[in-house]
Amino acid sequence: MFLVPLHGLGGAKDLPIPLPLAVAAATAALVISFCVLALAWGTPRYQDARPGRLAPAALARLVDSPRFQWVLRVLGLVFTGYVAWALVWGPDLVINPALGTFYVLLWVGLVPASLLFGPVLRALSPVRTVNLLLAKATRGDPASGLIPYPARLGYWPAAVGLFAFVTQELVNPQSAYLGSVRLWLAAYLAVMVIGAAVFGDEWFERADPFEVYSNLVAKLSVWGRRQGRLVLRSPLANLATVTPRPGLVAVVAVLFGSTAFDSYKDTIPWQRFVLEVGLNDTLTNAVALLVFCGAVGLTFTAAAMSTGVDRRTGSGDSDVRRSALPDLLAHSVIPIIVGYITAHYLTYLVEQGQSTIIQLSDPMVSGDNLLGTGTWSVNYWLSFHPSLLAVVQVLAVVTGHVLGVVAAHDRAISLLPARHHVTGQIGMLLVMVGYTVSGLYLLMGGL
Amino acid sequence: MSRVSHLCFSALLALVLLAGCGSDESTDEVTPKKDDSGVATIDITFEGDTVKPQGARVEVVAGEPVKLRIDADQGGELHVHSSPEQELEYSAGTTEQTITLDQPGVVDVESHDLEQLVVQLEVR
């Protein structure tokens, strides 16, 4: 008998982290933030796209060789085809590997993969390959569409796509049934392929929720590009190369807000609240998800703008419009997201990820062992060491916080006029400490 | 600058303390009572469209049996979202089911008929 949980995939959840650990982490976050503001460097260190070190020539040749790129594309396409077989023809059971692949390997797995190897999703993306093959078949150029992509749309399509994903994952009561995943992915495929036909393949960099997410996380890896050449950079220097575009704040707000909501919706106060409200559960959850994402977006925007700027035009290089600040600072939320995602999803990825790899051997749930992983069993070592797990979770959150504060500081002193350097950062610091403290609070089980 | 830092520091401290205090007051963790043979027991009552408790958090010990005593006016199923998941059937009247959870974590026990969380077992 295989059971479908009320909300999404997954069995047991992590134990709440102990209160003393959470308080210690919050205090550390607060003291470090204060130190960064008071003591850190006063001239920007990361803003002029640090050159970085050239990657070894052999590695650069391999990564940039068309043959290697085609190997990755074919791998991505074959694996997608294999999972699509399970998705379309496999039985509608929670152990159908299509579900685990979609919610665990793709959505959660893309974070460590991009952190280690850079923009991997772009290299594997089956929708990119489909676009490329279509262009080849029609002798067109995959890069150009009917019209150029309008710059003012920026990352907004990706923000919408990400919100569509988290709604499917966290709100849709049918999320663990194949039908809803089929529908979601069919819509995704259609939007991607048609969008690329209209705008060219720039569409994927702006609208594909998975690729945009992966590309942003990859900015925290050591892999970067300088005039097209593969270089190694420190993650903070690499992070500063995120191009600010309209909608970047919305993207980070959806990523952070939705993960916070995922923690919050399992707490007893929320479950009771849903019961007391007595409305449709789906509607209540959808509104709450929107409120969480909106709250992150609004607090961040307000904090980024809570500074003095020079209004005189032509007053030097610190001449920046206040309304442009949120998108210019939004990259600094990425480490906070990665830290919190690590804390929130680590056991889920390790344990559900193993289940999925085992299930992948049996896509029709008929006892096959096609990939040879079918006889493996899940190792629950991590769950059996809850103290270690709690320390890892807290370290991830604090590390993300520190990197976020440093990235915001470095950008702020390059943008703000000298007399606003300190006061102009206080709002952002407060908001970031707020995010971290809320994250720790949710990891305590939101008691 | 020092005044600003001071203000900022105090504000943050207040925020942390607030978060710390918030966690103390509303904790309603229950230690389950023991039956005559010393087995932790949780009472669950179904009546029409309602179930009691409605999402209580209960601390249980990993590897030790937990008895669920279910009083119901009609039969149904409870779903235990451990890894792997388990399903417990109950009939009208009183049903006793014993489960043992080996792996530390938080395990939801839900009624899918009512779409409600009944208890959250905190396995330590």
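Scoring rules and cut-offs
Residues numbered from 1 in each chain as written. Chains lettered and ligands numbered in written order. Predicted model: local features only at pLDDT ≥ 70, side-chain atom pairs only at ≥ 80, totals over all residues. Heavy atoms only, no water. Axes fitted to C-alpha atoms, helices over the stretch in contact; angles between N-to-C directions. Helix = DSSP H or I, 4+ residues; strand = E, 2+ residues; numbered from the N terminus. Parallel < 35°, antiparallel > 145°, perpendicular 65-115°, else oblique. Contact = heavy atoms within 4.5 Å. Nonpolar A, V, L, I, M, F, W, Y, C, P; charged D, E, K, R; others polar. Salt bridge = Lys/Arg side-chain N within 4 Å of Asp/Glu carboxyl O. Buried < 20%, exposed > 50% of the residue type's maximum accessible area, 1.4 Å probe, protein only.

Q: Before we move on, could you go through the packing of helix H8 (residues 156-170) of chain A against helix H13 (residues 248-264) of chain A and cite the residues and values that matter?
A: Residue and element names in this part refer to chain A. Interhelical geometry of H8 versus H13 gives an angle of 10° and a closest axis separation of 8 Å. Put simply, H8 runs roughly parallel to H13. Residues Trp-156, Ala-158, Ala-159, Leu-162, Phe-163, Val-166 and Leu-170 of H8 form the contact with H13, whose own contacting residues are Ala-250, Val-251, Val-254, Leu-255, Ser-258, Phe-261 and Asp-262. Considering only residue class, the contact of H8 with H13 consists of 12 nonpolar, one polar and one charged.

Q: Please set out the pattern of salt bridges residue by residue, giving values where relevant.
A: Residues and elements named next belong to chain A. Enumeration according to the criterion identifies 17 salt bridges over all chains in this entry. Residue Glu-205 pairs with Arg-128 through a salt bridge whose shortest N-O separation is 3.6 Å. One end of the pair, Glu-205, is in helix H10 (residues 202-207); the other, Arg-128, is in helix H7 (residues 126-137), with 77 residues separating them in the sequence. By relative accessible area, Arg-128 is classed as buried at 14%. The structure contains a network of salt bridges with shared partners spanning Arg-122, Arg-128, Asp-201, Glu-202, Glu-205, Arg-206 and Glu-211.

Q: Just give me the short version of unusual backbone geometry, but keep the residues and values in it.
A: A cis amide bond links B:Lys52 with the next residue in sequence, B:Pro53, at an omega value of -5°. Assignment of secondary structure puts B:Pro53 in the loop between strand E4 (50-52) and strand E5 (56-60). Backbone geometry at A:Gln227 places phi at a positive 45°, although glycine is not the residue there. Residue class for A:Gln227 comes out exposed when judged on its relative accessible area of 78%.

Honestly, it's all geometry; don't read function into it.
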